[in-house]
Amino acid sequence: MSVRVRLAPSPTGNLHIGTARTAVFNWLFARHQGGKFILRIEDTDLERSRPEYTQNILDGLTWLGLNWDEGPFFQSQRLDLYREKIHILLEKGLAYRAYDTPEELDAMREAQKAKGEAPRYDNRHRYLTPEQCAAYEAEGRSAVIRFMIEDDREITWTDLVRGKLSWKGRDLGGDMVIARAASAGDIGQPLYNFVVVVDDIDMQISHVLRGEDHIGNTPKQILLYEALGATVPTFGHAPLILNQSGAKLSKRDGVTSIAEFQQMGYTAEALANYMTLLGWSPPEGMDEIFLLPGAAEKFSFDRVNKAGAKFDWDKLNWLNSQYLHQMPSNQLLELLLPYWQAAGYEFDAVGDRPWLEQLVDLIKPSLTLLQDAVEMSRYLFVAQLDFSAEATTQLQQSGTAAAVQAILTTLESYQPLTSEGIQSLIKQVTSEHHLKKGLVMRSLRAALTKAMHGPDLAQSWLLLHQHGWDRSRLEAALEIAG
RNA sequence: GGUGCCGUAGGCAAAUCGGUAAAGCCACAGGUCUUUCAAACCUGUGUUUGCGGGUUCAACUCCCGUCGGCACUGCCA
């Protein structure tokens, strides 16, 4: 049987890191097995589903490189199929109409809780006579469709990551609602647990790979597969991604949507790499830094961990920096341009290309996030920049003025300035004026970059020089210097 | 409350059928390099596998109990 897996996100929010990680596992599994990865949008909740969320999900998956082979399919367009299946269950006597009002159900659950019992539907409408049904309908009541779950059933399956799992029918909460209320003889909006099964059967899904939060749904769904006369697929439940305090990572924990990670300057490769590591560990001998296709070659659920994984920003950041450091400069430049543009820096992306590439080479080893490039290169883009407090202090130290003056004077004979020129200029200044190299360098840094920390000074100077900014900065520094 | 899952160093984790635990990565500390910060490189700290029993020559691995965490428990997905 061919391997077919699917990702079934609901468009009630932006693509979430948890959903994306599930997507990664599905994609990896499909690629490893030579199977198909299908995308299905679960928009059965008409109230909360939004087209912009669907777009966000599609964009996020695409950005991450998680291309799908079929779809996207939309459940909202498949209602006829669901109705048809519900009719079949109704006719087989496996499902029935229940006329309870929400208030009655609430009261029932309250009473159960008061008695210290687990809240569940007591199946009170399971065997209503046609007369009783008619009476309720005459009252104007609408009915949900409930699927019968026998208390004494035992549902067992072998989970790809957890092994043999077993559930008792009585712990499933009573007969489950598979379609929302609708008036007289109609069938309302079909619900998630039912729709998923119908679709997975229809799309011949062979492996259902999802988050651990769906474990409790699995026995109900298995019952539905049986009722619909279908083969039960293989299930695999991956551990959840946890926040710092160990709870399921949610929107409340700050950044959790893929689009936000993207904006902050994480690369798709690093994020995908990190998400894979959240629950899966590469086999012996395989590096932890890998691209999705490489991981696909080795991926198997044998190596998916059972325990939830805490999200670790430090490690993600480290991974991202690794990708950035290894990236060819011209490629990195393309990623950086939008950040500089957004910061309002003025430059000619085409004409300044050689200069920009030198800049990328300069800051690349220090980047963690693409966003970092904005602050890191500000002194090279912004002409009018205040001296930092530290730089001012440095400039006012004795000897600094002399050093800056000496550099300014010596600079005359080094036009145009080159890398080698800078080195020999500094040598010349230190020896002719009997200045310590450290002082010269610190003075230079303060004057040129207006800060005491930053990328390589000689290269910075060169870039400044190419913009014709070095002389004016040295002169400005002189005014401040004691 | 009920049901289920999980529990190896600060974090991610490895340890194929029970056979010397903590490989590797992040973080942290120190060092090297250097004009600074970062990067890079080197070295190092951290444990007795939540706890208590049991089976066994041998238990992170199996069994029982216990504690803790989390998930689910909806006419949401």
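Residues numbered from 1 in each chain as written. Chains lettered and ligands numbered in written order. Predicted model: local features only at pLDDT ≥ 70, side-chain atom pairs only at ≥ 80, totals over all residues. Heavy atoms only, no water.

## Focus: the sheet that holds strand E5 (residues 143–147)
Pairing between sheet strands relies on hydrogen bonds along the backbone, with the strands arranged either parallel or antiparallel.
Then comes step 1: Read from one edge to the other, the open sheet built from three strands follows the order E4-E5-E8, with strand pairing classed as antiparallel. This sheet does not close on itself; its edge strands, each paired only once, are strand E4 (95–98) and strand E8 (176–182). The sheet shows a mean angle of 25° between the axes of neighbouring strands, direction not considered.
Then comes step 2: Bridge analysis of E5 against E8 gives four bridges, and the strand direction is antiparallel. (Pairing = 2+ DSSP bridges. Helix = DSSP H or I, 4+ residues; strand = E, 2+ residues; numbered from the N terminus. Axes fitted to C-alpha atoms, helices over the stretch in contact; angles between N-to-C directions.)

## Comments concerning the sheet that holds strand E3 (residues 70–74)
Then comes step 1: Across the sheet, three strands lie side by side as E1-E2-E3; this open sheet has parallel pairing. The open sheet has two edge strands with one neighbour each: strand E1 (4–7) and E3. Averaged over all neighbouring strand pairs, the angle between strand axes comes to 25°, with direction disregarded.
Then comes step 2: The pairing of strand E2 (residues 36–41) with E3 spans three bridges and is parallel. Counted as the bridge partner of Ile-38 is Glu-70 from E3.
Then comes step 3: Along the sheet face, helix H1 (residues 17–33) touches E1 and E2 and points at about 165° away from the line of E1.
Then comes step 4: Each of E1, E2 and E3 is contacted by helix H2 (residues 51–64), which is oriented at about 160° to E2, the strand it contacts most. (Contact = heavy atoms within 4.5 Å.)

## A look at the environment of Pro-328
Then comes step 1: Within the secondary structure, Pro-328 is located in the loop between helix H11 (313–326) and helix H12 (329–342).
Then comes step 2: On the basis of relative accessible area, Pro-328 is assigned to the partly exposed category, the value being 42%.
Then comes step 3: Separated by 33 residues in sequence, Pro-328 and Asp-361 have C-alpha atoms that sit 9.1 Å apart. (Buried < 20%, exposed > 50% of the residue type's maximum accessible area, 1.4 Å probe, protein only.)

## Points about the protein's contact with RNA strand B
Then comes step 1: The full set close to RNA strand B counts 59 residues, and Asp-45, Arg-162, Arg-180, His-453 and Gly-454 are the nearest of them.
Then comes step 2: Backbone atoms, meaning sugar plus phosphate, form 70% of the atoms of RNA strand B positioned within 4 Å of the protein.
Then comes step 3: Ser-281 is positioned with one of its side-chain polar atoms (N or O) 3.2 Å from a phosphate oxygen of RNA strand B.
Then comes step 4: Here a base nitrogen of RNA strand B and a side-chain polar atom of Ser-366 are 3.2 Å apart.
Then comes step 5: For the surface near RNA strand B, the elements supplying multiple residues, two or more each, are helix H4 (102–114), E5, strand E7 (163–168), E8, helix H6 (192–202), strand E12 (309–310), H11 and helix H19 (437–449).
Then comes step 6: If one sorts the elements of the surface near RNA strand B by residue count, H11 sits on top with five residues.
Then comes step 7: When the residues that make up the surface near RNA strand B are grouped by side-chain class, the tally is 22 nonpolar, 15 polar and 22 charged. (Near = heavy atom within 4 Å. Polar contact = N/O pair within 3.5 Å; in protein donor to acceptor, adjacent residues only side chain to side chain. Nonpolar A, V, L, I, M, F, W, Y, C, P; charged D, E, K, R; others polar.)

## Things to note about the packing of aromatic side chains
Then comes step 1: By the definition in use, this model includes 20 aromatic pairs.
Then comes step 2: For the ring pair Tyr-99 and Tyr-136, a centre distance of 5.4 Å and an interplane angle of 20° mean the geometry is stacked. Of this pair, Tyr-99 sits in the loop between E4 and H4 while Tyr-136 sits in helix H5 (residues 130–138); the two residues are 37 residues apart in sequence, bridging distant segments of the chain.
Then comes step 3: The class for Tyr-99 is buried, based on a relative accessible area of 2%.
Then comes step 4: Among the aromatic residues, ring-to-ring pairing joins Phe-25, Phe-29, Trp-280, Phe-290, Phe-299 and Phe-301 into one connected group.
Then comes step 5: Against the face of Phe-25 rests Arg-21, its NZ or CZ located 4.7 Å from the ring centre. (Phe/Tyr/Trp six-rings, centres within 6.5 Å; stacked < 30°, edge-to-face > 60°. Lys NZ or Arg CZ within 6 Å of the ring centre and 35° of its normal.)

## What to know about the pairing of strand E9 (residues 207–211)
For a regular strand, side chains alternate in direction, first toward one face of the sheet and then toward the other.
Then comes step 1: With five of five residues buried, E9 is to be regarded as a mostly interior element.
Then comes step 2: Of the strand pairs in this sheet, E9 and strand E10 (residues 234–238) are connected by five bridges, and their pairing is parallel. Directly across from Gly-211, in E10, lies its bridge partner Ala-238.

## Concerning the layout of surface pockets
Then comes step 1: When its volume is computed, the largest pocket comes out at roughly 1,200 Å³.
Then comes step 2: Taken together, 42 residues make up the lining of the largest pocket; nearest its centre are Pro-9, Ser-10, Thr-12, Thr-19 and His-214.
Then comes step 3: Only E1, H1, H6 and E9 provide two or more residues apiece to the lining of the largest pocket.
Then comes step 4: Tallying contributions element by element places H1 first for the lining of the largest pocket, with four residues.
Then comes step 5: Across the lining of the largest pocket, the residue classes break down as 14 nonpolar, 17 polar and 11 charged. (1 Å grid on protein atoms, 1.4 Å probe; cavity = no way out; pocket = protein on both sides within 12 Å on 5 of 7 lines; lining within 4 Å. Points joined across faces, edges and corners; volume = space filled by probe spheres on them.)

## A closer look at the pattern of salt bridges
Then comes step 1: For the structure on display, the rule yields 26 salt bridges.
Then comes step 2: Between Asp-175 and Arg-126 there is a salt bridge whose closest N-O contact spans 2.9 Å. Of the two residues, Asp-175 is situated in the loop between E7 and E8 and Arg-126 in the loop between H4 and H5; the sequence distance between them amounts to 49 residues. (Salt bridge = Lys/Arg side-chain N within 4 Å of Asp/Glu carboxyl O.)

## Some points on H6
What sets the pattern is the α-helix's 3.6 residues per turn: residues three or four places apart point alike.
Then comes step 1: Burial of H6 is extensive: eight of the 11 residues sit out of reach of the surface.
Then comes step 2: Here the buried face of H6 lies against E1, E2, helix H3 (79–92), E8, E9 and helix H7 (218–227).
Then comes step 3: Just past H6, the residue Gln-204 takes up positive phi, approximately 55°.

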